[in-house]
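Here is what each chain is made of, one letter per residue.
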Amino acid sequence: MTATVSETRQAFDEAPVVLRLDNIRKSFGDAHVLNGISFDIHQHEVVALLGPSGSGKSTLMKCVNLLEQVDDGQIWLNGTDITDPRADQDAIRARIGVVFQQFNLFPHMSVIRNVTLAARKVHHWSKDRAEARALELLDRIGMRAKAGAYPDQLSGGQQQRVAIARALMTNPELLLLDEITSALDPMLVGEVLDMVSELKEQGTTILMATHEMSFAHDAADRIVLLRRGVIAENGTPREVMDESRNPETREFFSHFRS
């Protein structure tokens, strides 16, 4: 029997907290981009970060990956305060998988070299161990036959799938997906979203910023909607996208309905 929404929410609430954001603030000059952002992501949970352009989504993702330093507040990754100035940022980034809008594959390296590079150079895996893991991942995403190919021989959707495989190489504690379909031809979006759905089924903990509203509705366990640097809504897709009584929220989502 299918679990109810409340049962599913309770199951996540009882799971360990993977990521905790506590009163995160970030400004650029006089522009206050993040104004006290606080929420948790639990193990195996998929959280979609939504909001209009300029709401702070990208800045928040960069703060979680330590590409931007917060002005105030704390970010915890499985009990480690990653905003502590004494924290080893390289070691923390090695615990987080990140996939950006652009594929960022090295054009002079084959698919398997792109996927194994960080595992070998940063995590000091042996060549045999790294390649065995890479081939396992490439097989899972239907790209094993392309292991020896170069990025310019792949479609955009295939390149993005390779980027996701690279991010998964060392079993990260958290996977960040930052608008991973925005650089793709619309015909290729589906294959990448299908892969994210598979990762969800496998229990990957994910924070994703996306403009794919129907996908967020179907794939996310929870929606965090940002507006003007604050959390406007935080709840299940049904609560936020279908049942919100906030006029601004209803207006925002109305633009994405046919």
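Just so it is clear, the structure is predicted and the values come from calculations on it, not from any experiment. (Residues numbered from 1 in each chain as written. Predicted model: local features only at pLDDT ≥ 70, side-chain atom pairs only at ≥ 80, totals over all residues. Heavy atoms only, no water.)

A.B. asks: Sorry, what's going on with the packing of aromatic side chains here?
C.D. replies: Two measures describe an aromatic ring pair: the distance that separates the ring centres and the angle between the ring planes. As enumerated under the stated definition, the model contains two aromatic pairs in all. Ring centres of F252 and F253 lie 5.0 Å apart, and the angle between their planes is 70°; this geometry places the pair in the edge-to-face category. An identical accessibility class is assigned to F252 and F253; each is buried. Taken together, a centroid distance of 5.3 Å and an interplanar angle of 65° make the contact between F252 and F256 edge-to-face. In this structure F252 comes out as buried when scored by relative accessible area, which is 11%. Among the aromatic residues, those joined into a ring-pair cluster are F252, F253 and F256. The positively charged end of R129 is found above the aromatic ring belonging to W125, 3.7 Å away from the centroid. (Phe/Tyr/Trp six-rings, centres within 6.5 Å; stacked < 30°, edge-to-face > 60°. Buried < 20%, exposed > 50% of the residue type's maximum accessible area, 1.4 Å probe, protein only. Lys NZ or Arg CZ within 6 Å of the ring centre and 35° of its normal.)

A.B. asks: Explain the domain arrangement of the protein chain here, please?
C.D. replies: Note: interface size is frequently given as the accessible area lost on complex formation between the parts. When the domains of the protein chain are assigned, the result is domain 1 (5-95 + 173-255) and domain 2 (105-171). Once you take the C-alpha centre of each, domain 1 and domain 2 turn out to be 25 Å apart. Each side of the interface is counted separately: domain 1 has twelve residues, and domain 2 has 15 residues. Buried surface at the junction of domain 1 and domain 2, summed over both partners, amounts to about 1,100 Å²; 70% is from carbon and sulfur atoms. It is A94, E191 and M195 that lose the most area in domain 1 upon contact with domain 2, and together they represent 39% of the buried surface on that side. Taken together, the links from domain 1 to domain 2 amount to three residue pairs in polar contact (both at pLDDT 80 or more). A per-element tally of the side of domain 1 that touches domain 2 places helix α7 (residues 186-201) first, with six residues. Classifying every residue of the side of domain 1 that touches domain 2 gives eight nonpolar, one polar and three charged. (Domains from an automatic or database assignment. Contact = heavy atoms within 4.5 Å. Buried area = accessible area lost by both parts, 1.4 Å probe. Polar contact = N/O pair within 3.5 Å; in protein donor to acceptor, adjacent residues only side chain to side chain. Helix = DSSP H or I, 4+ residues; strand = E, 2+ residues; numbered from the N terminus. Nonpolar A, V, L, I, M, F, W, Y, C, P; charged D, E, K, R; others polar.)

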